[in-house]
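Coordinate analysis (summary)
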Amino acid sequence: MTARNLVVILSDEHQARAMGCAGHPFVKTPNLDALAARGTRFTNCVTPSPICVPARAAFATGKYPHQIGLWDNAMPYVGDPESWGHVLQRAGVPCTSIGKLHYREASDDVGFDEQIAPMHVVGGMGMVWASIRSEEDRITPQSRMLGDYIGPGDSKYTDYDKAVTQKACDWLRAQKADAGFCLYVGLVAPHFPLVVPQEFYDLYANQDLGPVKLHPDDGYRRHPWVDRQNANMNSEALFASDAERHAARVAYYGLCSWLDHNVGQILDALDAAGLADNTTVIYSSDHGDNVGARGLWGKSNFYQESVSVPLIVAEPGQSAATCDTPASLIDVSATITDHFNQGETFGEGTSLYSLATKDDPDRVQFSEYHAAGAVSGGFMIRKGRWKLNHYMGFRSELFDLENDPEELSDLATDPAYRETIAWMEAALREICDPVSVSAQAFADQAALIASYGGREAALKLGAPGATPPPEV
């Protein structure tokens, strides 16, 4: 690559398919589409964990949650093990963050020379109450995770994104073309609360959104692990009416377009500053969102809506391309160090510059979940057409994504697929021992709760819902 500078934009909760360039039938994302039209869109990318804090810790370190022992939203990254930012700092590369990081606190050395308007976990602790995972002991939040109000308007999150976008634009305009910088920008949308400025809500208010697939009201029965996880914060049951449920979908898609608008402003500022010809741009998200599929909202499971993330890498002068080789958010981490000629060996990932040249449909993807609502450890492994969701203490799920990309038919109960499940489980054990990993997560969470004074004390610690943004 020839671009000297690198801009990494990471959103929050952006479903991989919710972009025009990904073939969505109605979602409007003209700026991301334009970025994809001059870059490589990776069509199959997953998060290392479908929840914010562990996913972002994995992104920082290039390692999976079980390798760094950061399991849930009460265990944020504190600067150890080293991040890609530390690698850049050692190489003398200016490294700045603007916006959401969701690490512990701004005073931690996490590898940035400067943190502008950073958003971190509440009080340096995060959602301690959500580390209580046993069904008999855990707490169900009193407030609705999606927000008390759903619909058009402004929220603290949209205000924050607007401020972060402006600060990113101002920062870019102050740079020189040959500076050799790395800028990370963290945007919050389309993460709930499901409130979006009126003009973006109106884009979908009269749109036929189509039916929600596999809804329990239509006879679908959720996998028991998923059902128990969801029962901890059952957003679907808390809608006041069908109209509010529809408004939630409208607002989510509106937030995708609001996100796109902010990305467009950043890209325009890059161009206006004369930096576009010397800067590579990477766009991705920390995880997806179910948006009502299977009666589920938010993330926290391994279905494609939740575990898949968008990924675009646009180098100056590049033409449009797609790469179907499976990727992960930790590959972005390896790409950042590789961009500044630090090699491709950072963490567990592979540089996307290298991956884009490969045709490897059998490259393994892995994700894990040990966080809010999970009554046992959950693991996902995909290889080629096959995807296995492995749940400790429960039966697995098996999907043939080549013939069933919507995951409508679980093949795990069909005896004809026993061998497939067996070799997929063997492939999982090559990455980690799910029994010991699950046990370690519970042990670490129990120790965390004890360190705060026990269950009753822990129940009072951390935000009850979405992390509040800082005043900017």
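Here, every reference points to the structure presented above.
Residues numbered from 1 in each chain as written. Predicted model: local features only at pLDDT ≥ 70, side-chain atom pairs only at ≥ 80, totals over all residues. Heavy atoms only, no water.

Further remarks concern the overall build of the protein. When helices and strands are tallied, the protein shows 14 helices and 16 strands. Against the globule reference of 23 Å for 472 residues, the protein gives a C-alpha radius of gyration of 21 Å, in line with a compact fold. Considered along the principal axes of its C-alpha atoms, the protein spans approximately 55 × 50 × 45 Å. Considering only residue pairs separated by 6 or more positions, the protein has 74% of its internal contacts joining residues 24 or more positions apart. (Helix = DSSP H or I, 4+ residues; strand = E, 2+ residues; numbered from the N terminus. Rg over C-alpha atoms; globule rule 2.2 N^0.38 Å. Contact = heavy atoms within 4.5 Å.)

Let us look at the environment of Phe399. Within the secondary structure, Phe399 sits in strand E16 (residues 397-400). With relative accessibility at 2%, the residue Phe399 sits in the buried group. For the pair formed by Phe399 and Asp202, sequence separation is 197 residues and the distance between their alpha carbons is 36 Å. With residues near it in sequence (within four places) discarded, Phe399 still touches Tyr303, Arg385, Trp386, Lys387, Asn389, Asp404, Glu407, Ser409 and Asp410. (Buried < 20%, exposed > 50% of the residue type's maximum accessible area, 1.4 Å probe, protein only.)

Attention shifts here to the sheet that holds strand E10 (residues 311-314). Spatial strand order, E5-E4-E7-E1-E9-E10-E2-E11: eight strands in an open sheet with mixed pairing. Edge positions in the sheet fall to strand E5 (114-119) and strand E11 (321-323), since each has one partner strand and no second. The mean inter-strand angle of the sheet, taken between neighbouring strand axes irrespective of direction, is 15 degrees. Pairing geometry for strand E1 (residues 5-12) and strand E7 (residues 182-190), over six bridges, is parallel. From the neighbouring strand, Leu10 faces E7, where its bridge partner is Gly186. (Pairing = 2+ DSSP bridges. Axes fitted to C-alpha atoms, helices over the stretch in contact; angles between N-to-C directions.)

On to unusual backbone geometry. Omega for the peptide link from Asp80 to Pro81 comes to 5 degrees, which places this bond in the cis form. For the bond from Ala189 to Pro190, the omega torsion is 5 degrees, close enough to zero to count as cis. Looking at the secondary structure, you find Pro190 in strand E7. One non-glycine residue, Glu13, adopts positive backbone phi at about 75 degrees. According to the relative accessible area criterion, Glu13 is buried, its value standing at 0%. Non-glycine residue Ala117 carries a positive phi angle of around 50 degrees. Tracing the backbone shows Ala117 in strand E5.

The next point concerns the sheet that holds strand E15 (residues 386-391). In spatial order, the strands read E13-E14-E15-E16; together these four strands make up an open sheet with antiparallel pairing. Edge strands, defined here as strands with exactly one partner in the open sheet, are strand E13 (365-369) and E16. Going from strand to strand, the sheet's axes swing by 10 degrees on average, the running direction of each strand aside. For E13 and strand E14 (residues 378-383), the ladder comprises five bridges, and the chain directions are antiparallel. Paired with Glu368 across the strands is Phe379, a residue of E14.

Packing of helix H2 (residues 52-61) against helix H10 (residues 329-339) leaves a shortest axis separation of 7 Å and a crossing angle of 30 degrees. It follows that H2 is roughly parallel to H10 by the angle criterion. Once H2 is placed against H10, the crossing between them reads as right-handed. Touching Ala55, Ala58 and Phe59 of H2 are Leu329, Ile330, Val332, Ser333 and Ile336, all from H10. For the contact of H2 with H10, the class distribution of residues is seven nonpolar, one polar and no charged. (Parallel < 35°, antiparallel > 145°, perpendicular 65-115°, else oblique. Left-handed = near helix turned anticlockwise from the far one by under 90°. Nonpolar A, V, L, I, M, F, W, Y, C, P; charged D, E, K, R; others polar.)

Within the element layout of this structure, Ser49 appears in the loop between strand E3 (45-46) and H2. Residue classification places Ser49 among the buried residues on the basis of a relative accessible area of 1%.

The set of residues buried in helix H7 (residues 224-231) consists of Trp225, Val226, Gln229 and Asn230. Down the axis, H7 shows its buried residues gathered within 125 degrees of arc, on one side only. Check the buried side of H7 and you find it contacts E13, E14 and E15. (Arc of directions from axis to C-beta.)

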